[in-house]
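Residues per chain, in single letters:
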Amino acid sequence: MAEILKMEKIVKEFSNIRALNGVDFSVSEGETVAIIGPSGSGKSTLLRSINCLTRITSGKITLNGETFVETGADGKAKYLPEKQLSKICSETGMVFQHFNLFPHMTTLGNITYAPIKVKGIPKDEAEKRGKELLKLVGLEAKADNYPGHLSGGQKQRAAIARGLAMDPMIMLFDEPTSALDPEITGEVLNVMQQLAAEKRTMIIVTHEMGFAKEVADRVVFMDAGRIVEQGEPKELFENPKSERLQSFLQSMLRA
């Protein structure tokens, strides 16, 4: 499989705290990667640096063969000009913890907004595709509803459809179920499992260990801004090599 994302020696500092400390990370086309680890380990910072929501301090990121940031002669990250950057970052779809839907737009309006505004897709074409995506996530009957009339699980499935609407190379999920009641978490995970089965390239920051074990092709464990261990889910969960991962998994079992 072709390598679609390559991150090298990524450092991110927030007021002298290293949220990311020399991380090397790559993803191949069609791969589903789950990132796990304790709070504050750098998982979300790593994810958000892929689509430029977080700007790194130093390092190099290449998406689909295009390097959009690398360390300059002064030792600091140098990004491409904004216009080129936004074009490259539009190749990623992001699903947030708290949905981030526009409250004044219908479900369908939320999904078609970016394809029309950013990619210039004709409205009727965008709406046709939007309805197909709503069907994919089981929300075809909610096209004309506003987010205020959707449950948390429905909002998150709408957010997934919105992310897919830009036809991105990579889908990024930042703790997509952590704001949901346990009862409706399953409906969101089912949609993500379906996407994984279709071999969509996905990076998922999650605390759902069972989901990571069942659905991911590879699991990455982070702690203190570093990748401590990674590998196939079965091997990683059943035979963790580092003491840090062993203690983390034990704490998750007790939770």
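Below you will find a few notes about this structure. (Residues numbered from 1 in each chain as written. Predicted model: local features only at pLDDT ≥ 70, side-chain atom pairs only at ≥ 80, totals over all residues. Heavy atoms only, no water.)

**Here's the deal with the sheet that holds strand β4 (residues 58-63)**
Line of reasoning, step 1. Strands sit in the order β2-β1-β4-β5-β6 across an open sheet of five strands; the sheet is antiparallel. In this open sheet, the two strands that pair with only one neighbour each are β2 (17-28) and β6 (77-79). Pairwise comparison of adjacent strand axes, ignoring direction, gives a mean angle of 15 degrees for this sheet.
Line of reasoning, step 2. Sheet analysis places strand β1 (residues 3-14) next to β2, joined by nine bridges and oriented antiparallel. Paired with Met-7 across the bridge in β2 is Phe-25. (Pairing = 2+ DSSP bridges. Helix = DSSP H or I, 4+ residues; strand = E, 2+ residues; numbered from the N terminus. Axes fitted to C-alpha atoms, helices over the stretch in contact; angles between N-to-C directions.)

**Focus on the packing of aromatic side chains**
Line of reasoning, step 1. For the coordinates displayed, the defined rule picks out three aromatic pairs.
Line of reasoning, step 2. Plain terms: the ring middles of Phe-68 and Tyr-79 are 6.4 Å apart, the flat faces sit at 35 degrees to each other, and that makes the pair tilted. Taken together, the residues span a long stretch of sequence, with Phe-68 in strand β5 (residues 66-71) and Tyr-79 in strand β6 at a distance of eleven residues. The two residues Phe-68 and Tyr-79 agree in class, both being buried.
Line of reasoning, step 3. The ring of Phe-14 carries the charged tip of Lys-12 above its face, separated from the ring centre by 4.8 Å.
Line of reasoning, step 4. Above the ring of Tyr-79, the side-chain terminus of Arg-55 is found at 4.7 Å from the ring centroid. (Phe/Tyr/Trp six-rings, centres within 6.5 Å; stacked < 30°, edge-to-face > 60°. Buried < 20%, exposed > 50% of the residue type's maximum accessible area, 1.4 Å probe, protein only. Lys NZ or Arg CZ within 6 Å of the ring centre and 35° of its normal.)

**Topic: the sheet that holds strand β8 (residues 170-174)**
The strands that make up a sheet are held in pairs by hydrogen bonds between backbone atoms, and each pair lies either parallel or antiparallel.
Line of reasoning, step 1. Spatial ordering of the open sheet is given by β7-β8-β9-β3-β10-β11, a layout of six strands whose pairing is mixed. Edge positions in the sheet fall to β7 (92-95) and β11 (226-231), since each has one partner strand and no second. The sheet shows a mean angle of 20 degrees between the axes of neighbouring strands, taken without regard to direction.
Line of reasoning, step 2. As paired elements, β7 and β8 share four bridges and run parallel to each other. Residue Thr-92 lies in a different strand from β8, and its bridge partner there is Ile-170.

**Quick notes on the nonpolar core**
Line of reasoning, step 1. Ranked by size, the top nonpolar core spans 31 residues in total, and within it Leu-5, Phe-25, Phe-68 and Ile-203 carry the most contacts.
Line of reasoning, step 2. Apart from the residues lying within four places of it in its own chain, the contact partners of Phe-68 are Ser-49, Ile-50, Cys-52, Ile-61, Leu-63, Lys-78, Tyr-79, Leu-80, Leu-85 and Ile-88. (Core = buried A, V, L, I, M, F, W, Y, C linked by side-chain atoms within 4.5 Å. Contact = heavy atoms within 4.5 Å.)

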